[in-house]
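# Descriptive structure summary
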Number of protein chains: 2
Amino acid sequence: MDNLRGLFQLLARNFGFLNERCCESCCGQELSLTQSHILYEIQRKHQPSMQDVSGALGIDVTTFSRQIKTLVDKGLVKKTPHPDDNRINILSLTLEGQQLENQINGQVNAQLAGVMSQLTAFERETVIRSIELLNKAMQNSGSCCVPPK
Amino acid sequence: MDNLRGLFQLLARNFGFLNERCCESCCGQELSLTQSHILYEIQRKHQPSMQDVSGALGIDVTTFSRQIKTLVDKGLVKKTPHPDDNRINILSLTLEGQQLENQINGQVNAQLAGVMSQLTAFERETVIRSIELLNKAMQNSGSCCVPPK
DNA sequence: ATATATAATTGCATTATGCAAGTAATTAAG
DNA sequence: CTTAATTACTTGCATAATGCAATTATATAT
């Protein structure tokens, strides 16, 4: 296939819209798309530092620092100084943050399940395995697919 | 699979990074990621109007209008009034715009080909078919996967 | 003609972005 | 032990992006 870009672009865009839509319907004014990604990433990482999360998302640390400040102000995220190194802040979700994140997560998964329900069971299996393969291959490609800088 | 979101998120993020990286190495200061998507979309559509492109990308028309202005100033895009309706502006790429777009397109496709080269021929086939299936299913899901508003 | 609708642009206020410089804490060197 | 070098994070500042409301210009309907 010589139009790989088109395929991926369309997929990424459609998923982006799904994502925005879910975030909108869940959180409305409460949360931006980027912020929902931050919650997601804090949730799934083990006691991450600022750099851990900003790095994973490819967001500049300075922008990230400000985003975290607003999330803390909203009462969704907590910063705890690392016991062995006071420079480091461990990020975690507050109870409210977890609830919101679960809600978004549920919505996104439900929408995706809806999309997948159009496929046969066999196709679903294949599609999922394919994405897993792709993800592995991308993680393996040192040069590309990696956060900037 | 109950973690569809995780799979898609990772894929979209990795492709996003690949995309940024390519745009950076091709155009450097010259072009933002959004702008590269605008070029792409103008290229592949047939004589699109402003709304056609901004709608496809899910960008607010007013923001889009300003982006187009800067692209016109850079000499990459041309606006032509529609012969039958002077309210409409047809967008097209200048020669320079086409060259730049081709360059980006080449890079992205090359990087993706690199990723795919890690898979067996059979896996590649399967992966491509899977994405096509997904894209179709997403386009079909009226509610989600659609630009906001 | 006058009213309505549509395509696009501009005003304006808000938010996001990222570099450079700053603060604070930790580690390394002399 | 004290000074220098590193590391984690935060702020200043200037620029770019965003989106709603209002405006302009053209086209369609009554």
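Preceding this paragraph is the structure being described.
In this text the structure is predicted, and so the values were computed from the model without any measurement.

All right, on to the overall build of chain A then. Per the secondary structure count, chain A includes 6 helices and 2 strands. Ordered by position from N to C terminus, the α and β elements of chain A give α-α-α-α-β-β-α-α. For chain A, with 149 residues in total, the buried portion stands at 45%. Contacts in chain A between residues at least 24 apart in sequence constitute 52% of all its contacts with a sequence separation of at least 6. Of the roughly 7700 Å² of accessible surface on chain A, 49% is carried by carbon and sulfur atoms. Of the charged side chains in chain A, 15 are positive and 15 negative; the average position of the first set lies 4 Å away from that of the second.

Turning to the pattern of salt bridges, a few remarks are in order. Counted by the stated rule, this structure contains 10 salt bridges over all chains. Salt-bridge contacts for Glu41 of chain B lead to Arg44 of chain B; the nearest nitrogen and oxygen are separated by 3.0 Å. Here Arg44 of chain B and Glu41 of chain B lie together in helix α2 (residues 33-44), a separation of 3 residues that amounts to about one turn. Taking the relative accessible area as the measure of exposure, Glu41 of chain B reaches 1% and is therefore buried. Note that Lys45 of chain B is salt-bridged to Glu41 of chain B, the shortest N-O span being 3.7 Å. Put simply, Arg13 of chain A together with Glu41, Arg44 and Lys45 of chain B are held in one network by salt bridges that share partners.

Once that is clear, we can look at the packing of helix α5 (residues 95-116) of chain A against helix α1 (residues 4-27) of chain B. Direction vectors running N to C along α5 of chain A and α1 of chain B enclose 85°, while the axes themselves pass 8 Å from each other. Regarding the angle of α5 of chain A to α1 of chain B, the classification is roughly perpendicular. On the side of α5 of chain A, the interface is formed by Glu101, Ile104, Asn105, Val108, Asn109, Leu112, Ala113 and Met116 of chain A, while α1 of chain B contributes Leu4, Arg5 and Phe8 of chain B. Its residues assigned to classes, the contact of α5 of chain A with α1 of chain B shows 7 nonpolar, 2 polar and 2 charged.

Moving on, we come to the protein's contact with DNA strand C. The full set close to DNA strand C counts 19 residues, and Arg66 of chain A together with Gln51, Ser65, Lys79 and Arg87 of chain B are the nearest of them. Sugar and phosphate atoms form 70% of the subset of DNA strand C atoms that lie within 4 Å of the protein. A distance of 2.9 Å separates a base oxygen of DNA strand C from a polar side-chain atom of Arg66 of chain B. At the level of elements, α4 (61-73) and β2 (85-93) of chain A together with α3 (50-57), α4 (61-73) and β2 (85-93) of chain B are the ones that each hand at least two residues to the surface near DNA strand C.

Let us look at the layout of surface pockets. Rolling a probe over the atoms, with the probe sized like a water molecule, indicates the empty space that remains. Taken as a whole, the largest pocket encloses approximately 1100 Å³ of empty space. Of all the elements in the fold, those that place two or more residues in the lining of the largest pocket are α1 (4-27) and α2 (33-44) of chain A together with α1 and α2 of chain B. Partitioned by chemical class, the residues of the lining of the largest pocket number 12 nonpolar, 12 polar and 4 charged.

Once that is clear, we can look at the relation of the copies chain B and chain A. Under the fitted operation, chain B is carried onto chain A by 0.0 Å of movement along the axis and a turn of 180°, and the coordinates agree to an RMSD of 0.0 Å. One copy is carried onto the other by what is essentially a two-fold rotation axis. The position closest to the rotation axis in chain B is occupied by the C-alpha of Ala12 of chain B, lying 2.6 Å away. Mapped onto chain A, 100% of the interface residues of chain B are again interface residues, and the two copies thus contact each other with one and the same surface.

A few words now on the protein's contact with DNA strand D. Looking at DNA strand D, there are 19 residues lining it, with Gln51, Ser65 and Lys79 of chain A together with Arg66 and Arg87 of chain B nearest. At a separation of 3.4 Å, a phosphate oxygen of DNA strand D approaches a polar side-chain atom of Lys69 of chain A. Arg66 of chain B places a side-chain nitrogen or oxygen 2.7 Å from a base oxygen of DNA strand D.

Cut-offs used in this document
- Residues numbered from 1 in each chain as written.
- Chains lettered and ligands numbered in written order.
- Predicted model: local features only at pLDDT ≥ 70, side-chain atom pairs only at ≥ 80, totals over all residues.
- Heavy atoms only, no water.
- Helix = DSSP H or I, 4+ residues; strand = E, 2+ residues; numbered from the N terminus.
- Buried < 20%, exposed > 50% of the residue type's maximum accessible area, 1.4 Å probe, protein only.
- Contact = heavy atoms within 4.5 Å.
- Areas by Shrake-Rupley, 256 points an atom, 1.4 Å probe, with all protein chains shown as cover.
- Lys, Arg positive; Asp, Glu negative; His and termini not counted.
- Charge placed at Lys NZ, Arg CZ, Asp CG, Glu CD.
- Salt bridge = Lys/Arg side-chain N within 4 Å of Asp/Glu carboxyl O.
- Axes fitted to C-alpha atoms, helices over the stretch in contact; angles between N-to-C directions.
- Parallel < 35°, antiparallel > 145°, perpendicular 65-115°, else oblique.
- Nonpolar A, V, L, I, M, F, W, Y, C, P; charged D, E, K, R; others polar.
- Near = heavy atom within 4 Å.
- Polar contact = N/O pair within 3.5 Å; in protein donor to acceptor, adjacent residues only side chain to side chain.
- 1 Å grid on protein atoms, 1.4 Å probe; cavity = no way out; pocket = protein on both sides within 12 Å on 5 of 7 lines; lining within 4 Å.
- Points joined across faces, edges and corners; volume = space filled by probe spheres on them.
- Least-squares fit on C-alpha atoms with pLDDT ≥ 70 in both.

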